[in-house]
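# Structure at a glance
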Amino acid sequence: MENALNLDTVVLSENGEAVVILDQTLLPGKTEYLTLDKAEDIWEAIYKLRVRGAPAIGVAGAYGYYVLARQFDTENMEEFVAKCTKMMEYLNSSRPTAVNLSWALNRMHAVLLNEKDGKTVAEMKERLKKEANDIREEDIQISRSIGAYGFELLEKLGRGVGIMTHCNAGTLATAKYGTALAPVYIALEHGWDPKEDLHVYCDETRPLLQGARLSAYEMQAAGVDTYVQCDNMASYTMKSGRIGIIFVGCDRVAANGDFANKIGTSGVAIIAKHYGIPFYVCAPSSTIDMTMETGEEIHIEQRKPEEVTEMWYKERMAPEGVGVVNPAFDVTDHSLVTGIITEKGIAYEPFKESFEKMGIKPVTKYVDK
Ligand code: MRU
């Protein structure tokens, strides 16, 4: 089984003309890459979760922006800007909850608006390519740094620790290393024994099974002692005393520390509080949306009913015509969160003050002058 750290989730093609993504809907059975250079295909890949995980979606958005911008056949800067604006708004409509997509698109667009004066369209295209590459490179560094802070917590708990996670916030969800699973990769680098020192419990994560298909695959491929459990088994495992810490990723954090992550996360947090198990959220600072005071403001993506009633089953499992609830994310209250691990350090209550001390500012819209 290929170590997932060796797989590139999102890169620019060698000729620089397309976004290359690992198709995560086929994992763990098949490792296949898609080469995308059309707006509709990039949009579809994000919507259908072929590329997924908040930071990876951000990187895909940045490369998508560049790849599409380079195709605009005009020397006229105003026209180029108008086309880019329309294109970024289209890409941004693919998935609403993770802030990273709009953050990355806005960052690309801000570069265009702030630096276009005195440049040709061709020069601007080169500049946008560099920005997209920078976003990817930075994501790798950020994930490593989150991993290092998370590893400090593991060291305090000691070798042999049981870690629970929900959904997939591993290397597949980022440019490399992941957020919630990065501490595990860093522990392995520090010589921790994958079978004796680390035991990772992955919630399967209904309905799209990112835990069973992706986290379990990543951890097993890294040699780690790995378990999959149905989502409704989390309380059983926590009660059994096997879990020392919980790490989850997130898609958007509000200023007060409320955060959105894959549906089911809030239940895990509530149970963890009951059993007194530390519950940490792993978040690149770009996921912290200081424009939102509380999680009430986070827009939750609703997805198709078939994901619940039919997908993965040999035949439909729910009666025809039944109502279906299928929110892709839920919001966990900040009172359930022990700490939020960012690349700048670990934030604690009161989270807003903690974020401000770290220098985290509201997401810039389009222009930053
Ligand atoms: O719908 P998905 O698979 O994109 O949801 C992913 C999650 O909820 C992750 O936990 C989150 O994006 C953080 S990834 C580092």
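Computed from a prediction, not measured in an experiment: that's the story for all the values here.

The next thing to look at is the site of the ligand. Residues in contact with the ligand amount to 18 residues; listed here are only the nearest, Arg52, Ala54, Arg95, Asn261 and Lys262. Between the ligand and the protein, one listed contact pairs an oxygen atom with a backbone N or O atom of alanine 54 at 2.8 Å. Asparagine 261 is positioned such that a nitrogen or oxygen atom in its side chain is 2.6 Å from an oxygen atom of the ligand. When the ligand is considered free in solution it has 410 Å² of accessible area, and contact with the protein chains removes 99% of it. A molecule is said to occupy a pocket when more than half its atoms come within 2 Å of that pocket's grid points, and by this definition the ligand occupies the largest cavity. Going through the elements one at a time, helix 2 (54-69) and strand 9 (259-262) are the ones with two or more residues in the shell around the ligand. In terms of residue class, the shell around the ligand is made up of eight nonpolar, six polar and four charged.

Another aspect to go through is the packing of helix 2 against helix 5 (residues 121-157). The geometry of helix 2 relative to helix 5 is characterised by a closest axis approach of 9 Å and an angle of 170° between their N-to-C directions. Classified by the interaxial angle, the pair formed by helix 2 and helix 5 is roughly antiparallel. Here the hand of the crossing between helix 2 and helix 5 comes out left-handed. Counting all contacts with helix 2, which are made through Pro55, Val59, Ala62, Tyr63, Tyr65, Tyr66 and Ala69, the residues of helix 5 involved are Lys125, Glu126, Leu128, Lys129, Ala132, Asn133, Ile135, Arg136 and Asp139. When its residues are assigned to classes, the contact of helix 2 with helix 5 shows 10 nonpolar, one polar and five charged.

Before going further, it helps to examine empty space enclosed by the protein. Across all of its chains, the model carries three cavities of 30 Å³ or more by this definition. In this model, the largest cavity occupies a volume close to 170 Å³. Of all the secondary-structure elements, those providing two or more residues to the lining of the largest cavity are helix 2 and strand 9. In terms of residue class, the lining of the largest cavity is built from nine nonpolar, six polar and four charged. Each pocket or cavity is described by its volume, and for the second largest cavity that value is around 110 Å³. For the second largest cavity, the full set of lining residues is Pro55, Gly58, Val59, Asn100, Trp103, Arg107, Ile135, Glu138, Asp139, Ile142, Pro284 and Ser286. Of all the elements in the fold, those that place two or more residues in the lining of the second largest cavity are helix 2, helix 4 (99-115) and helix 5. For the lining of the second largest cavity, the element with the most residues is helix 5, which contributes four residues.

Thresholds applied
Residues numbered from 1 in each chain as written. Predicted model: local features only at pLDDT ≥ 70, side-chain atom pairs only at ≥ 80, totals over all residues. Heavy atoms only, no water. Near = heavy atom within 4 Å. Polar contact = N/O pair within 3.5 Å; in protein donor to acceptor, adjacent residues only side chain to side chain. Areas by Shrake-Rupley, 256 points an atom, 1.4 Å probe, with all protein chains shown as cover. 1 Å grid on protein atoms, 1.4 Å probe; cavity = no way out; pocket = protein on both sides within 12 Å on 5 of 7 lines; lining within 4 Å. Sits in = over half its atoms within 2 Å of the grid points. Helix = DSSP H or I, 4+ residues; strand = E, 2+ residues; numbered from the N terminus. Nonpolar A, V, L, I, M, F, W, Y, C, P; charged D, E, K, R; others polar. Axes fitted to C-alpha atoms, helices over the stretch in contact; angles between N-to-C directions. Parallel < 35°, antiparallel > 145°, perpendicular 65-115°, else oblique. Left-handed = near helix turned anticlockwise from the far one by under 90°. Contact = heavy atoms within 4.5 Å. Points joined across faces, edges and corners; volume = space filled by probe spheres on them.

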